[in-house]
Amino acid sequence: MHLKLRVILILVSIIIIYAVFALFIHYTIIFPSYLVLEKNEAQKDIKRCVAAFQRELNYLNGFIIDWSGWDDTYQFIYDENEKYIEANLALQTFFANQLNIVLFYNLDHKLVWGKMVDLKSESEMDIKPFSESFSYIETHFLNHETTSDSTIGLVLFQDILMLVASRPIITTEHQGPIRGTLIMGRLVSEEMIQRLNQETQVSFSVYSFPQVKQQPKLLSVINTMQQNHLDSLIQAITPNQLHGYAQLNDVTGSPVVLFQATIPRDIKEKGRESAWIAFSSIIFAGIVMIVVLQILLQRSIIAPVIHLSRHTVTIRETNDLSLRFNSERTDEIGRLANEFDHMVVHLQSFRYELEQKVAERTIEIQQANIKLEQTAQKATEMAKKAEAANEAKSLFLSNMSHELYTPMNGIIGMTDLLVETKLDSNQQKYAQTIHHSAKYLLCLINDILDYSRMGDGRYDLRQMDFNLRLMIDDLIDQLSPRAYRKALDFVCLIHHQVPEYVKGDPGRIKQILFQLTSNAIKFTHKGHVMIMIACEKETETQVTLKFAVSDTGIGISETEQKKLFTEFYQVDAGYSRKSEGIGLGLAMTKQLIEMMSGQIFVESIENKGSTFWFILSLQKSTDTHQNLFLHNELKGTRILIVDAYDINRQVFKEQLKFCECRISEADNSTQALELLETAYKEQDPFVVALIDMQLPEVDGETLGAIIKANPRISNTSLIILSSIGQRGDVSRLKSIGFSAYLIKPIKHTQLQDCLKAVMGQQDQTAHEMNQGMITRHSIIADQIHRDDHRRVVIQQNREVFTKLLAAIIQRDYVEIQKLANKMQLNLKDIQVNAIDKLVMHLNTNTPSSQNSIDVTLTAILEEAQSELETILKPYETNQNFAGPYVYRRVIDHDPTIIISILKKLEYALELSDPTEISTHLEGLKEYVPHETFVHLQTYIDEYNYQEAIEMIKTLYQEIVKERMDI
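*Asks:* Explanation requested: the overall build of the protein chain in the structure shown.
*Replies:* Broken down by element type, the protein chain carries 32 helices and 23 strands. Split into buried and exposed, the 966 residues of the protein chain put 43% on the buried side. The long-range fraction of contacts in the protein chain, counting pairs at least 24 apart against all pairs at least 6 apart in sequence, stands at 68%. For the protein chain, the exposed surface amounts to about 53,000 Å²; the carbon and sulfur share of it is 54%.

Shown next, in the form of structure tokens:
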């Protein structure tokens, strides 16, 4: 920044600060005096308003004095002469004197004569309502003891505000005795208030107290005045207006009128104007001062400094240190110029010395550069050799792992066969040891293979639609036996907001959860292991999920937590050796999560437990035909959860919220019975009760017996939940009245199927219900039976399905009607919802022509077309599939077992889970011909999973076809 500009900025800043300070002083010290003056003037204005009102009263009082002290009036009270009225109290008298009411009373307080006039309409008014309020008049206006007594003031009568004066009727000489009372009154009208506004030059309004009470703002003003004992009150309403308030009392001394004067804040504005005039004057004076100072500074300081600066630039550009400033000034600038000349002399000598040193250093640097280039060349050659060695090592590791994979599967398979043969106890033990060691070695090979792929960058992630809850159910199936053997509570909590279908790599997500949950079970001796999945954030296309695995195990110290995700590091090597492992699991888990753009965290306390959690952002599934589970059957069902363990209740609540059930919970038997009784009294009983076996005080079995013994609540279906199943439980619990028996952990789909089966039992006869108790085995068998039956029905009606789809696409409504009625009986027991709706709609709303099709039918046709395309999709390819792997002679084996293995193998292939693929492939070996097994194994060994899945689907079709033939 130039010196000139800097000086100007400093001066401007000083002036602005001074002006702002002056403005501050004005507003803090001077301006308040304007406000005080403004308030005093406002007080004077409101007093003028009150005084003007008082003058009206005085005028009325003077007028009534003349009339009450008049001999003619005195005589009228005595003889009630009508001529007096005709001569003196005609309507013109009321208009001329602005009177609204005149009343004559005698000594007996009897009204002798009276008249009330509306001055605005120039007509006489009915005086009867006013004269009937005799008690008020008698009390305040008729009791005059002396000839000089009078009553004058305000009166509020039937919401009418009046100025009223009352005096005794006497002679012209103001002598008695008193013969009666004269009362005169004037209404407080808008015309009177406008006239007083003009006289006082103050804009004010008059409000009676009934009007005040209807306006909260005015009522607040009255309360403030009364609480502070004020005659008047000034309030600022807007920056430009004040309101002044004053109240007047009636003849009884009670407040009856509130004045509100609107006063412009001219004095305040004058104060502001004076402040800004002062501020502007200071600014103007400052500008003039800046101009003058700038001229002086330019001549005495800035110009010499600029000259010195240009001289310095000349020396820098020409590199001529022989130039001198040679200033003749004796002030500070002159001394600065002389010192500059001395400095240039020193620089000239220093330059010579520096040039000598630079020459020496240049020679040294050239020699060092030659050595550095030689070292860099050697380092590059060594790095290339190391990279080649690393690639060769990774390739060797990958190839060897892959080569070991096939023989290891053979060892495991042959060991399985060996264990099934007749062996003595030692041979059985040796064979089981070989089997366990081989499976452990296979897991290590899988880890090494994955690790080598990650290191080489050959580890690909798949993107596919998958059912998250089914994946978790499969994980529970794999790990629950381990938790069961250690007597641990193993629970899975999936919040109901979590979507059922997402898009990602299900195999890798399952691998991560499997690793974390296996570790949790391994290092936990008592308590629980819990998997929790919650929805962190959700958009239309994406969902962010939090996966957490917590346990009550040995925990991890803070020091070890920092090394936890390092390759080949084990928290407790001795314990890990007992439980197997090489320290790759968590390191690979961290790499997998980071490959999916996620993060993993750990929280742990020694001897109290650990929680591993990670966050992944997944795409929502775009396939609208994947919803295999129909939750509407359970929607609105009222269900009671009875479990002493908070985590278990939370798990069931989230599973049932996903089905939109109505849920209540109890942590003991007493509370459960109270809830059941209350529901019965409210005529909204529970349909199903989930009861844990291990309840405090009264266990679940006893609670079930109590419920079934109570006729009011015995209709509630009971499902018993147990962590440890024992022989004889089913028959004993069935005899008590339980409908189902499930072993924890209970999968999401398993709970849904169980509830549907239990609710279906409620419509059966007693004989049908005694046929068997619902267990997880019966649920699996029923599901397989339903799937098989659905395939058979679809296969049988495949031709009709195809024709109906063609008719819908062509919008051939005659053919649609014909085919829909034909299919009505055949589709009752399988789930083809859109076609059912189409049949129902056509049977009740048959269109007369193609042009009369309504909007509802169009929507149903589109839904039916989508559903038919989904049903027929598996039959579009491989219809005449033939080859060495076609399945034959299904009748030789139980098809239920084969279908179960095929389902598990297909799901493992979709998840790309090598361990599960190997297990289920070996399980399928004894059920299919050798050539079929070899062909399927070839696809899998070559990682051609899609072809393997297509082959499995073909096997499904062959099984269904052969069962139909049988």
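Structure's up, so let's keep going.
*Asks:* Even after reading the chapter, I still don't get the side chain of Thr-524, so can you show me in this structure?
*Replies:* Among the secondary structure elements, Thr-524 is positioned in the loop between helix H14 (506-522) and strand S14 (528-538). Classification of Thr-524 by relative accessible area gives buried; the value is 0%. At 2.5 Å, the side chain of Thr-524 forms a polar contact with the backbone oxygen of Ala-520. Leave out the neighbours within four places in its chain, and Thr-524 touches Lys-486, Leu-488, Val-529, Asp-551, Thr-552 and Gly-553.

*Asks:* It is not clear to me how a negative patch on the surface should be interpreted in this structure. Could you clarify?
*Replies:* A contiguous patch of negative charge on the surface is contributed by Asp-79, Glu-80, Glu-82 and Glu-86. Along the chain, Glu-80 falls in the loop between helix H2 (71-79) and helix H3 (82-88).

*Asks:* Just checking my understanding: could you explain the packing of helix H19 (residues 669-681) against helix H20 (residues 700-709) for this structure?
*Replies:* Each pair of packed helices can be summarised by the angle the axes make with each other and by the distance between the axes. Running from amino to carboxyl end, H19 crosses H20 at an angle of 25 degrees, the nearest separation of the two axes being 11 Å. The orientation of H19 with respect to H20, classified from their angle, is roughly parallel. The interaxial crossing formed by H19 with H20 has right-handed handedness. Counted together, Ser-669, Ala-672, Leu-673 and Leu-676 of H19 and Leu-703, Ile-706 and Ile-707 of H20 form the full contact between these two elements. Here the contact of H19 with H20 is built from residues that sort into 6 nonpolar, 1 polar and no charged.

*Asks:* Looking at this model, I keep getting lost on the environment of Pro-264. Mind explaining?
*Replies:* Here Pro-264 is to be found in strand S10 (residues 255-264). For Pro-264 and Thr-238, which are 26 residues apart along the polypeptide, the C-alpha to C-alpha distance reads 9.6 Å.

*Asks:* What is the right way to read the sheet that holds strand S1 (residues 101-106) from this model?
*Replies:* On the basis of which strands lie adjacent, the open sheet formed by 6 strands has the order S3-S2-S1-S6-S5-S4 and antiparallel pairing. Strand pairing shows two members of the sheet lacking a second neighbour, strand S3 (123-125) and strand S4 (151-157), which therefore form its edges. Adjacent strand axes in the sheet meet at a mean angle of 25 degrees, parallel and antiparallel pairs treated alike. Bridge count between S4 and strand S5 (residues 160-169): 7 bridges; the pairing is antiparallel. Residue pairing for S5: Val-155 is matched across the bridge by Met-162.

*Asks:* Would you mind showing me how to read the pattern of salt bridges here?
*Replies:* Between side chains of opposite charge, a pair can form as their charged atoms come close. Applying the stated criterion across every chain, the model contains 18 salt bridges. Of the charged contacts, one joins Glu-364 and Arg-361 as a salt bridge, the two residues approaching to 3.3 Å between their closest N and O atoms. Taken together, the residues span about one helical turn, with Glu-364 and Arg-361 both in helix H11 (residues 332-420) at a distance of 3 residues. Through salt bridges with shared partners, a single ionic network connects Glu-56, Arg-186, Arg-195 and Glu-199.

*Asks:* Looking at this structure, how should I read the packing of aromatic side chains?
*Replies:* The description of an aromatic ring pair rests on the distance of the ring centres and on the angle between the ring planes. Under the criterion given, the structure shown has 11 aromatic pairs. With centroids separated by 5.7 Å and ring planes inclined at 50 degrees, the aromatic side chains of Phe-204 and Phe-259 adopt a geometry described as tilted. Of this pair, Phe-204 sits in strand S7 (residues 203-208) while Phe-259 is found in strand S10, placing the two residues 55 residues apart along the sequence. Judged by relative accessible area, which is 3%, Phe-204 ranks as buried.

*Asks:* I tried to follow the packing of helix H13 (residues 468-485) against H14 on my own but got confused; where do I start?
*Replies:* Interaxial distance between H13 and H14 falls to 11 Å at its minimum, and their mutual angle equals 25 degrees. The angle between H13 and H14 falls in the class roughly parallel. Crossing angle aside, the handedness with which H13 passes H14 is right-handed. Of the residues in H14, those in contact with Met-471, Ile-472, Asp-474, Leu-475, Gln-478, Leu-479, Arg-482 and Ala-483 of H13 are Pro-506, Ile-509, Lys-510, Leu-513, Phe-514, Thr-517, Ser-518 and Ile-521.

*Asks:* Looking at this structure, I do not really get the nonpolar core. What am I missing?
*Replies:* Note that soluble globular proteins tend to have their nonpolar side chains buried in a common cluster. Phe-53, Phe-104, Leu-154, Met-184 and Phe-259 are the most contacted members of the largest nonpolar core, which has 47 residues in total. At 10 residues, helix H1 (residues 3-68) tops the list of elements feeding residues into this core. In contact with Met-184, not counting residues within four places along its chain, are Leu-60, Phe-63, Ile-64, Trp-67, Leu-99, Ile-101, Val-102, Leu-163, Val-164 and Ala-165. The next biggest cluster of nonpolar side chains, apart from the first, holds 41 residues, and it includes Ile-509, Ile-521, Phe-565 and Val-602.

*Asks:* How should the environment of Ile-25 be read in this particular structure?
*Replies:* Here Ile-25 is to be found in helix H1. Placed 250 residues apart in sequence, Ile-25 and Ala-275 show a C-alpha to C-alpha distance of 9.5 Å.

*Asks:* Would you explain the state of the cysteines in this entry?
*Replies:* Disulfides are covalent bonds that link the sulfur atoms of two cysteine residues. The full count for this structure, using the stated rule, is 0 disulfides. Cysteine Cys-659 shares no disulfide, and the gap to the nearest cysteine sulfur, in Cys-661, comes to 5.2 Å. When its relative accessible area of 1% is taken as the criterion, Cys-659 is described as buried.

*Asks:* Just checking my understanding: could you explain helix H9 (residues 216-227) for this structure?
*Replies:* Because each turn of an α-helix spans 3.6 residues, side chains separated by three or four positions in sequence point in the same direction. With 12 residues, H9 extends 16 Å between its outermost C-alpha atoms, agreeing within 8% with the 16 Å of an ideal straight helix rising 1.5 Å per residue. Burial in H9 covers these residues: Leu-218, Val-221, Ile-222 and Met-225. Viewed end-on, H9 has its buried residues packed into an arc of 95 degrees, placing them on one side of the element. Exposed side chains of H9 directed beyond 90 degrees from the buried face belong to Pro-216 and Gln-227. Looking at the buried residues of H9, the elements they touch are S7, helix H8 (209-213), strand S8 (232-238), strand S9 (241-249) and S10.

*Asks:* Sorry if this is basic, but what is going on with a nonpolar patch on the surface here?
*Replies:* Together, Phe-284, Val-288, Met-289, Val-292, Leu-293 and Leu-296 give the surface a local cluster of nonpolar side chains, amounting to about 550 Å² of exposed area. Accessibility expressed as a relative area gives 51% for Leu-296, which makes it exposed.

*Asks:* In this structure, what is going on with the sheet that holds strand S18 (residues 638-642)? I would like to understand it.
*Replies:* Strand pairing in a sheet relies on backbone hydrogen bonds. The paired strands run either parallel or antiparallel. The sheet built from 6 strands is open, its strands ordered S19-S18-S20-S21-S22-S23 with parallel pairing. In this open sheet, the two edge strands, each paired with only one partner strand, are strand S19 (662-666) and strand S23 (774-775). Here 5 bridges tie strand S20 (residues 688-692) to strand S21 (residues 717-722), and the two strands are oriented parallel to one another. Across the sheet, Asp-692 pairs through a bridge with Leu-721, a residue of S21. H20 rests against S18, S20 and S21 of the sheet, and its axis sits at about 175 degrees to S21.

Calculation notes
- Residues numbered from 1 in each chain as written.
- Predicted model: local features only at pLDDT ≥ 70, side-chain atom pairs only at ≥ 80, totals over all residues.
- Heavy atoms only, no water.
- Helix = DSSP H or I, 4+ residues; strand = E, 2+ residues; numbered from the N terminus.
- Buried < 20%, exposed > 50% of the residue type's maximum accessible area, 1.4 Å probe, protein only.
- Contact = heavy atoms within 4.5 Å.
- Areas by Shrake-Rupley, 256 points an atom, 1.4 Å probe, with all protein chains shown as cover.
- Polar contact = N/O pair within 3.5 Å; in protein donor to acceptor, adjacent residues only side chain to side chain.
- Patch = residues over 30% accessible without salt bridge, like charges linked within 9 Å, V, L, I, M, F, W, Y side chains within 5 Å.
- Salt bridge = Lys/Arg side-chain N within 4 Å of Asp/Glu carboxyl O.
- Lys, Arg positive; Asp, Glu negative; His and termini not counted.
- Charge placed at Lys NZ, Arg CZ, Asp CG, Glu CD.
- Axes fitted to C-alpha atoms, helices over the stretch in contact; angles between N-to-C directions.
- Parallel < 35°, antiparallel > 145°, perpendicular 65-115°, else oblique.
- Left-handed = near helix turned anticlockwise from the far one by under 90°.
- Nonpolar A, V, L, I, M, F, W, Y, C, P; charged D, E, K, R; others polar.
- Pairing = 2+ DSSP bridges.
- Phe/Tyr/Trp six-rings, centres within 6.5 Å; stacked < 30°, edge-to-face > 60°.
- Core = buried A, V, L, I, M, F, W, Y, C linked by side-chain atoms within 4.5 Å.
- Disulfide = S-S within 2.5 Å.
- Expected span 1.5 Å × (residues − 1).
- Arc of directions from axis to C-beta.

These values are about where atoms sit, not about what they do.
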